[in-house]
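In case you want the letters, here they are:
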Amino acid sequence: SRILTTRCLAAMSTTTSNPSSPIVELRQYQLHPAATATYTKNTIQSSDLRKTLPLAFFGFPETGSFALNTAVHLYHYPQGTRQRKDERAA
């Protein structure tokens, strides 16, 4: 299997330490330039799976603070860390 990403960065945000408070998770996947088309194709093929996730945004921003060839996923978990753990375990 070919490795498509060169790096994955994850960050989360919440306004409280309460485990049921909403959180937002931002994931950035820096892609090897030659693998961007393959990544996009694989993402389209797995789109039904993504419908079960709280994916609020998926895209390739090419301006601002993101490097080129960076896929960005933004997840929103209204029920907080408990919901995130449950959905990641499924």
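Cut-off values and rules
Residues numbered from 1 in each chain as written. Predicted model: local features only at pLDDT ≥ 70, side-chain atom pairs only at ≥ 80, totals over all residues. Heavy atoms only, no water. Helix = DSSP H or I, 4+ residues; strand = E, 2+ residues; numbered from the N terminus. Buried < 20%, exposed > 50% of the residue type's maximum accessible area, 1.4 Å probe, protein only. Contact = heavy atoms within 4.5 Å. Areas by Shrake-Rupley, 256 points an atom, 1.4 Å probe, with all protein chains shown as cover. Salt bridge = Lys/Arg side-chain N within 4 Å of Asp/Glu carboxyl O. Pairing = 2+ DSSP bridges. Arc of directions from axis to C-beta.

With respect to the overall build of the protein chain
Stage number 1. Each helix and strand counted, the protein chain has three helices and four strands in total.
Stage number 2. Traced from its N-terminal end to its C-terminal end, the protein chain shows the element sequence β-β-α-α-β-β-α.
Stage number 3. Within the protein chain, the fraction of its 90 residues that count as buried is 26%.
Stage number 4. Sequence separation of 24 or more characterises 57% of the internal contacts of the protein chain that already satisfy a separation of 6 or more.
Stage number 5. Total accessible area on the protein chain stands at roughly 6000 Å², and carbon and sulfur atoms take up 56% of it.

A few points about the pattern of salt bridges
Stage number 1. Scanning the model with the defined rule gives one salt bridge in all.
Stage number 2. A salt bridge links R27 to E25, with the nearest nitrogen and oxygen atoms 2.6 Å apart.

Quick notes on the pairing of strand β4 (residues 70-77)
Consecutive residues of a regular strand have side chains that alternate between opposite faces of the sheet.
Stage number 1. Among the eight residues that make up β4, six are buried, leaving the element largely enclosed by the rest of the structure.
Stage number 2. In terms of strand pairing, strand β3 (residues 55-59) meets β4 through four bridges, oriented antiparallel. Looking at the pairing, G59 lines up with V72 of β4.

What to know about unusual backbone geometry
Stage number 1. Phi at N69 takes a positive value of approximately 60 degrees, unusual for a residue other than glycine.
Stage number 2. Relative to the elements of secondary structure, N69 occurs in the loop between β3 and β4.

Let's talk about helix α1 (residues 36-45)
Stage number 1. Regarding α1, the residues found buried are T36, Y39 and T43. Looking down the long axis of α1, one finds its buried residues gathered within 60 degrees of arc, a one-sided arrangement. For α1, exposure combined with an orientation more than 90 degrees from the buried face picks out A37, I44 and Q45.
Stage number 2. Looking at the buried side of α1, the elements it contacts are β2 (23-31), α2 (47-50), β3 and β4.

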